[in-house]
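# Fold and geometry: a report
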Amino acid sequence: MLKLEGKTAVITGGNSGIGLAIAQRFAQEGAHVFITGRRQAQLDEAVALIGGHVEAVQGDVTQASDLDRLFDTVKAKAGGLDILVTSSGIAEFSPLDSTTEDHFDKAFDVNVRGMVFTVQRAVQQMVSGGAIVLVGSIAGSVGNPGYGTYSASKAAVRSYARTWTCELAPRGIRVNTLSPGPIDTPMFDGVSDEVRLTLTNRIPLKRLGRPEEVATAALFLASADSSYVAGAELFIDGGMTQS
Ligand code: NAP
C-alpha cells in the first residue's frame, strides 16, 4: 500500500538535492506534490525527473508575495495541505572575523525567516493529521568552524520545532526536525576532495549520505508510520554527531 495516497505535500527546495529526493519519494508514495525554488530551469528538470504527481511553483521563500502565490496555488488545485517539508536552505562559509552583516542577514533570511513564514502560511490550510518536517542539520548541534551563522540558523529551526509541536498539537499537526549530516548534494559541489575525505573519516559509517537516504527518513516523519513522534530530531548522519 502506498504510504501517502491522497495526501498533498509542499516541499520547499524541491528542485535540488535533498528536497528533490523527498519530492520524488513522496510522489512515488502517491502524494500530490508541489515543489518550489527560485530557479525555473531546475524546477522544470525536477518535474520531468519525477514524472507525475508533481507541480512546480517558482518562488523565493524570502518573498511574502511568492509564498502567497505558492499556497494560493495549492489551495486552488488541491483544496488543502497535509504535509510540508522545508528543505530550502543555504550554507555559506564565513569565519567570525570575516562575517558581514549581509552574510548574517542572508543566512537567517532564507534558513529561518523564510522557513517561519512558509510554515505560518502552510498551517492555515492544514487539516488535523497534518505533518511538518523541518530540514535542520547536525550543524545546529555541534561546533562547526567557519559555519557559525549557518549552524545558528539550523539551531533556530530545531528550536521552532519544539515550540510549534506544543502550539500545533491541539490542531492535530505534528512537527519534527530532520537533521542530515554530510549528504552528497549540489550543496557539496564546491567542496574539495581533501575536505570530503576529512569529513568521511569523521563519520562512523565512513561515507557521505545519499539524498535518497534522507528522503526515506522524511517519509517516515511525514507519514502515519510516525503517528506518535512529535517534536523529535532525527539525525541522518551515519553516526557523525555521536562520534
Ligand atoms: P541544494 O541541493 O543546494 O538545495 C538547496 C535548495 O534550496 C535548492 O532547491 C534551492 O533552490 C533552495 N533555495 C535556496 N534559497 C532559496 C530561496 N531563497 N527560496 C526558495 N528556495 C531556495 O542543497 P541540499 O543539500 O539539498 O540542502 C537542502 C537542505 O538540507 C538545506 O536546508 C540544507 O541546509 C540542509 N542540509 C544539507 C546537508 C548536506 O550535507 N547536503 C546537511 C545538512 C543539512 P533554488 O536555488 O532554485 O532557489
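Provided above is the structure to which this section pertains.
All of the points below concern the structure found in this document. (Residues numbered from 1 in each chain as written. Predicted model: local features only at pLDDT ≥ 70, side-chain atom pairs only at ≥ 80, totals over all residues. Heavy atoms only, no water.)

## Re unusual backbone geometry
Both trends apply: most residues other than glycine have a negative phi, and most peptide bonds are in trans. So the rule is basically this: Numbering of helices and strands runs from the N terminus, with a helix taken as a DSSP run of H or I at least four residues long and a strand as a DSSP run of E at least two residues long.
One non-glycine residue with positive phi stands out, namely His 53, at about 65°. Structurally, His 53 can be placed in the loop between α2 (40-50) and β3 (54-58). Phi is positive for Lys 206, close to 60°, though the residue is something other than glycine.

## Details of the layout of surface pockets
Defined as follows: Residues are said to line a cavity or pocket when one of their atoms sits within 4 Å of a point; the points come from a 1 Å grid over protein atoms alone, cavities being sets where a 1.4 Å probe fits but cannot get out and pockets being open sets with protein on both sides within 12 Å along at least five of seven lines. Grid points are joined across faces, edges and corners, and a volume is the space filled by probe spheres set on the points.
The calculated volume of the largest pocket comes to roughly 1400 Å³. Taken together, 49 residues form the lining of the largest pocket, with Ala 91, Tyr 150, Thr 185, Met 187 and Phe 188 sitting closest to its centre. Contributions of two or more residues to the lining of the largest pocket are made by α1 (17-28), β2 (32-37), α5 (148-168) and α6 (193-202). Top element by residues in the lining of the largest pocket is α6. It accounts for four residues.

## Quick look at the side chain of Ser 151
Our working definition: Under the rule applied, a polar contact is a pair of N or O atoms within 3.5 Å (in protein, one hydrogen donor and one hydrogen acceptor; residues adjacent in sequence only if both atoms are side-chain atoms). In this description, contact between two residues means that some pair of their heavy atoms is separated by no more than 4.5 Å.
Here Ser 151 lies in helix α5. In this structure the side chain of Ser 151 is engaged in a polar contact, spanning 3.5 Å, whose partner is the side chain of Asn 144. Discounting residues that sit within four places of it in the chain, Ser 151 has contacts with Ala 139, Gly 140 and Asn 144.

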